[in-house]
Amino acid sequence: MDTLQVKQRIAALSDEIRKHNYNYYVLSMPVIGDFEFDLLLEELIRLETDYPEFIEPDSPTQHVGGGIAKEFQQVQHKYPMLSLGNTYSEEEIRDFEERIHKIIGDEVEYVCELKFDGVAIGLTYRQGILVQAITRGDGIQGDDVTTNIKTVRSIPLKLHGQGYPEEFEIRGEIILPHASFGKINLQRIDNGDEPFANPRNAASGSLKMLDSAEVANRHLDGFFYYIPGYHPAFKSHYECLTAARSWGFKISDYVVRCKTLEDIFDYLNTWNTARYDLPFDIDGIVIKVNDLRQQEMLGFTAKSPRWAIAYKFKAAQVTTKLLSVAFQVGRTGAITPVANLQPVQLAGTIVKRASLHNAGIIASLDVRIGDTVFVEKGGEIIPKIVGVDLDQRPVDAVPLTFISDCPECGTALVRTEGESAWYCTNETGCPPQIKGKLEHFISRKAMNIDSLGEGKIEILFDNGLVHHCADLYDLTYDRLIGLEKTYESTEDKKEKKISFREKTVANILNGIEASKKVSFDHVLYALGIRFVGETVAKKLATHFISVEKLIDADFNELIEVEEIGEKIAQSVRAWFSEPKNLELINRLKAAGIRFTMDESLVPPISTRLTGFTFVVSGVFEKFSRDELKKTIEAHGGKNTGSISAKTSYLLAGENMGPEKRKKAEKLGVPILSESEFLNFLQ
Ligand code: IVH
């Protein structure tokens, strides 16, 4: 063969193998036997080995793997990878339908799908070729696992057919079918490794392997269910999925369109039992508004789309014996009763402990030591006790009494009106609270001092070096070197020893120094104010810009901030009115911690649009919809998804839904074109 013939043969073999892969892995309808297939693949591998200049990035030999990564690059998602609102109750599905009905009206069609229990993935295709695969990560950025994803044989490296956008992303779930899961675990047990608890963990662990040839051996699979972004060729979600199927993606066969709640509940009830017959795990169903324009009208909250909801199947349940109850003290001083159970297998893991939540639950369950209890594992990681089998109650079962004093420091516990949890108020003297606060302070989303990870905070605390997060900034080499401790690892419960040698100390001090660069929103989160999670901290920091302004803000100013409700505002006010907290801020400030947002991160660049609320809809000439929204925010304005009496302007582009225009006209909301808006800004 001359080189031209080799090139042609490689192309022909690639096409043929691609088709067989599709028939086998996507359609489950192979048309040739394994032996014939292997011959074709071997020929292609041989030719590519001899003529590496002809290897295409979409060659089916990429499925075999081979690339070894040192680490995974963190990559920003083009569209944030959001989650779905979850529910376990049919009532909430009715509420969801009602909310949508109120906004959209009668003409709503839904699509019901299976909720795959795997690892979310976003694949980007450019000119029909898979160019990037990113995991969810924190939703803003994830790991680039392209090489590993290419080993998933049902994922097309090159698309079939036509009509796909020049560049687009498709999202789905990487799963591990039961058959592969069983094989992997047998192998692991053989090798003396801990078996994976469930297929989802195994899929996630597999995607994080650095050797892609090993990933290929795991036989992962993937289902795809969402194309983010605006694609004018499609009017509905169902159309998107049908088109994606024609491009070679594995789309579930169990996607159905539903008109009524009754249809939705039929689907739900069918899969609630039929799920056990599937060769892979699902953990619920997903209900989506089909029409893409209606989806756009509904928009998104900070965390999830308003046009979809996930119904999670009720958790797996077992019974076991309650042996004893321990009371744990958390970072906030809240007391959590934890049940010690006779070990029992539940949904793939062995359960030894379960949460009993609070005194109210203990009382309402009337649970006693020695009882046979029902244990459930739902969406949460820690299993919980949900009931008592009274028929099995032994005569000598001991009723449980909730403690009245803190088990760690002896302080009398208190309970605020309307709250279920009991608290130890000894914030500054109760060891688990102090350590918990320090651990929160150094955590990744807070000050990100990972060199102070597991066990190290404990050493610092036990040696009287830190009591308070500000004490971290007084640590020196001389104080740290030589410290030692054995501790029980939270991961494997094994005894481990830490010694602070030169390198460890240097890492700790460098980590602490680096935390001085952490932006104000993360610092605010690190302070551990009740109800101030990551998102709230960001909202507060970008709104008030400096801690001084936040300290001065009264209740009314706080609740004016988007997403800040009364509960959060009260908690923030209470925290900043404590002199000891103000002193803490002064100490942290003196240490060089940032208490002002960096100018470049802070909108607005003008206040021209402050007080105005916009709805941006349709397609624009000069800017994308996202760019316009960012511009509005950069000038102090607010964006919302749907028109209400509070909307100041509707910024309308081409192809805007007629409902939006009608609603704006009805409510007297002025409509601006793109050029009018730009003039308005100037
Ligand atoms: S749609 C904008 N459809 O479940 C949100 N998600 O708990 C698009 N999932 O984040 C997601 N099956 O990782 C969608 N048929 C399905 C799904 C599905 C599983 C995952 C996905 C999502 C999570 C929410």
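Structural data are supplied above this passage.
The following paragraphs examine the structure supplied in this document.

Here is what the cut-offs are and how they apply
Along each chain, numbering runs from 1 in the same order as the chain's sequence is written. Totals for whole chains, interfaces and linings use all residues, but because this is a predicted model, local features are given only for residues with pLDDT of at least 70 and pairs of side-chain atoms are given and counted only at 80 or more. Hydrogens and water molecules were not included; the side-chain quantities draw on all heavy atoms of the structure. Note on conventions: DSSP H or I runs of at least 4 residues are helices, E runs of at least 2 residues are strands, and numbering of each starts at the N terminus. Each radius of gyration reported is based on C-alpha atoms, and the globular scaling rule is 2.2 Å times the count of residues to the power 0.38. When a residue's accessible area, from a 1.4 Å probe over protein chains only, is under 20% of the maximum for its type it is buried; when over 50% it is exposed; and in between it is partly exposed. Residue contacts are defined here by distance: any two heavy atoms, one from each residue, within 4.5 Å place the two residues in contact. Note on areas: Shrake-Rupley with a 1.4 Å probe; residue coverage comes only from the protein chains shown. Here a helix's expected span is defined as the number of its residues, less one, multiplied by 1.5 Å. Relevant arc is that of directions from the helix axis to the C-beta atoms, nothing else. We call a residue near a molecule or strand as soon as one heavy atom of that residue lies within 4 Å of the molecule or strand. For the purposes of these results, a polar contact is taken to be a pair of N or O atoms within 3.5 Å, where, inside protein, one atom must be able to donate a hydrogen and its partner to accept one; residues adjacent in sequence count only when each atom of the pair is a side-chain atom. Charged means Asp, Glu, Lys or Arg here, nonpolar means Ala, Val, Leu, Ile, Met, Phe, Trp, Tyr, Cys or Pro, and polar covers whatever is left, Gly included. A pocket, in this scheme, is an open set of points on a 1 Å grid over the protein atoms alone with protein on both sides within 12 Å along at least 5 of 7 lines, while a cavity is a set where a 1.4 Å probe fits but cannot get out; residues line either one if an atom lies within 4 Å of a point. Grid points are joined across faces, edges and corners, and a volume is the space filled by probe spheres set on the points. A pair of strands counts as paired when DSSP detects no fewer than two bridges linking them. As a rule, the C-alpha atoms of each element are fitted with a line to give its axis, helices using only the stretch in contact, and angles between N-to-C directions run from 0 to 180 degrees. Pairs were defined over the aromatic rings of Phe, Tyr and Trp, the Trp ring being its six-membered one, requiring ring centres within 6.5 Å. Orientation was assigned from the angle between planes: stacked under 30 degrees, edge-to-face over 60, tilted for the rest. Put simply, a salt bridge is a Lys or Arg side-chain nitrogen that is within 4 Å of an Asp or Glu carboxyl oxygen. To form a nonpolar core, buried Ala, Val, Leu, Ile, Met, Phe, Trp, Tyr and Cys residues must be joined to one another through side-chain atoms within 4.5 Å.

Another aspect to go through is the overall build of the protein chain. When its secondary structure is counted, the protein chain shows 24 helices and 24 strands. For a compact globule of 682 residues, the expected C-alpha radius of gyration is about 26 Å, and the protein chain comes in at 29 Å, within 12% of that figure. For the protein chain, the C-alpha atoms occupy an extent of roughly 80 × 70 × 60 Å along the three principal directions. The buried share among the 682 residues of the protein chain stands at 46%. Counting only contacts in the protein chain whose residues sit at least 6 apart along the sequence, the fraction spanning at least 24 positions is 67%. Here the protein chain has roughly 35100 Å² of accessible surface; of this, 49% comes from carbon and sulfur atoms.

Moving on to helix 15 (residues 502–514). End to end, helix 15 covers 18 Å across 13 residues, agreeing with the expected 18 Å (1.5 Å per residue, within 8%). Those residues of helix 15 not exposed but buried are T504, V505, I508, G511 and I512. Considered in projection along helix 15, the buried side chains sweep an arc of 130° and stay on one side of the axis. Across from the buried face of helix 15, at angles greater than 90 degrees, the exposed residues are E502, K503 and N510. Residues of helix 15 that are buried sit in contact with helix 13 (456–462), helix 14 (477–480) and strand 20 (495–499).

If you check the shell around the ligand, you find 15 residues, and the closest are E113, L114, R136, E173 and K288. The contact in question runs from an oxygen atom of the ligand to an N or O atom on the side chain of R136, over 2.7 Å. Bound to the protein, the ligand loses 94% of the 530 Å² it would expose on its own. Listing elements by their share of the shell around the ligand, those giving two or more residues are strand 3 (110–116), strand 8 (221–226) and strand 10 (282–289). When residues in the shell around the ligand are grouped by element, the largest group, 4 residues, is from strand 3. Among the residues forming the shell around the ligand, the class breakdown is 9 nonpolar, 1 polar and 5 charged.

Here the focus is the layout of surface pockets. As a volume, the second largest pocket reaches approximately 850 Å³. Surrounding the second largest pocket, 31 residues form its lining, E427, K437, G528, W575 and K580 being those nearest its centre. When contributions to the lining of the second largest pocket are tallied by element, the ones reaching two or more residues are helix 12 (431–442), helix 20 (566–576) and helix 21 (579–591). Top contributing element to the lining of the second largest pocket by residue count: helix 12, with 6 residues.

What follows covers the sheet that holds strand 8. Spatially, 4 strands are ordered 5-4-7-8 in an open sheet, and the strand pairing comes out antiparallel. Every other strand in the sheet has two partners, leaving strand 5 (129–135) and strand 8 as the edge strands with one partner each. For this sheet, the mean inter-axis angle between neighbouring strands, taken without regard to orientation, is 35°. Summarising the sheet, strand 4 (residues 119–126) and strand 7 (residues 167–175) pair through 8 bridges and their orientation is antiparallel. Of the residues in strand 7, the one forming a bridge with R126 is E167. Across the face of the sheet, helix 6 (residues 199–207) comes into contact with strand 4, strand 5 and strand 7 while running at roughly 45° to strand 4.

Turning next to the environment of F614. Structurally, F614 can be placed in strand 21 (residues 613–617). In this structure the C-alpha to C-alpha distance between F614 and K629, which are 15 residues apart in sequence, comes to 8.4 Å.

Under the defined criterion, the tally for this structure stands at 25 aromatic pairs. Seen in terms of ring centroids, F168 and F249 are 6.4 Å apart; in terms of plane orientation they differ by 85°. Their pairing is edge-to-face. Remark: F249 occurs in the loop between helix 8 (237–246) and strand 9 (256–258) and F168 occurs in strand 7; sequence separation between them is 81 residues. Of the two residues examined, F168 and F249, each falls in the buried class. Taking the centre distance of 5.7 Å and the plane angle of 50° together, the rings of F224 and F249 count as tilted. Placement of F224 in strand 8 and of F249 in the loop between helix 8 and strand 9 is noted, with a sequence separation of 25 residues between them. On the accessibility criterion, F224 (3% relative accessible area) is buried.

A side chain with one charge can pair with a side chain of the opposite charge if their charged atoms come near. Per the stated rule, a full pass over the model turns up 26 salt bridges. The partner of D283 in a salt bridge is K115, and the shortest N-O contact between them spans 3.5 Å. Note that D283 is positioned in strand 10 and K115 in strand 3, a separation of 168 residues in sequence. K115 shares its class with D283; the two are buried. E296 serves as the salt-bridge partner of R625, at 4.0 Å between the closest nitrogen and oxygen. Within this pair, whereas R625 is found in helix 22 (residues 625–634), its partner E296 is found in helix 10 (residues 292–298), the two being separated by 329 residues in sequence. Members of the salt-bridge network, linked through shared partners, are D366, R368, D371 and R393.

In terms of residue burial, strand 7 counts as a mostly covered element, since 8 of its 9 residues are buried. Bridge analysis of strand 7 against strand 8 gives 5 bridges, and the strand direction is antiparallel. Bridge pairing links R171 to Y226 in strand 8.

This part covers the nonpolar core. Core analysis: the largest hydrophobic core is formed by 57 residues, its most contacted members being L472, L524, L540 and L588. For this core, the secondary-structure elements that each account for two or more residues are helix 12, helix 13, helix 15, helix 16 (520–526), helix 17 (534–544), helix 18 (547–552), helix 20 and helix 21. Once you skip the residues sitting within four places of it in the chain, L540 turns out to touch L524, V532, I545, L550, L558, I564 and V572. By size, the runner-up hydrophobic cluster in this structure holds 38 residues, among which are L123, A202, A203 and I227.

The next subject is the side chain of H77. Within the secondary structure layout, H77 lies in the loop between strand 1 (74–76) and strand 2 (86–87). There is a polar contact of 3.0 Å between the side chain of H77 and the backbone oxygen of T135. Among all residues touching H77, those that are not within four sequence positions of it are I134, T135, R136, G139, I140, Q141, G142 and R171.

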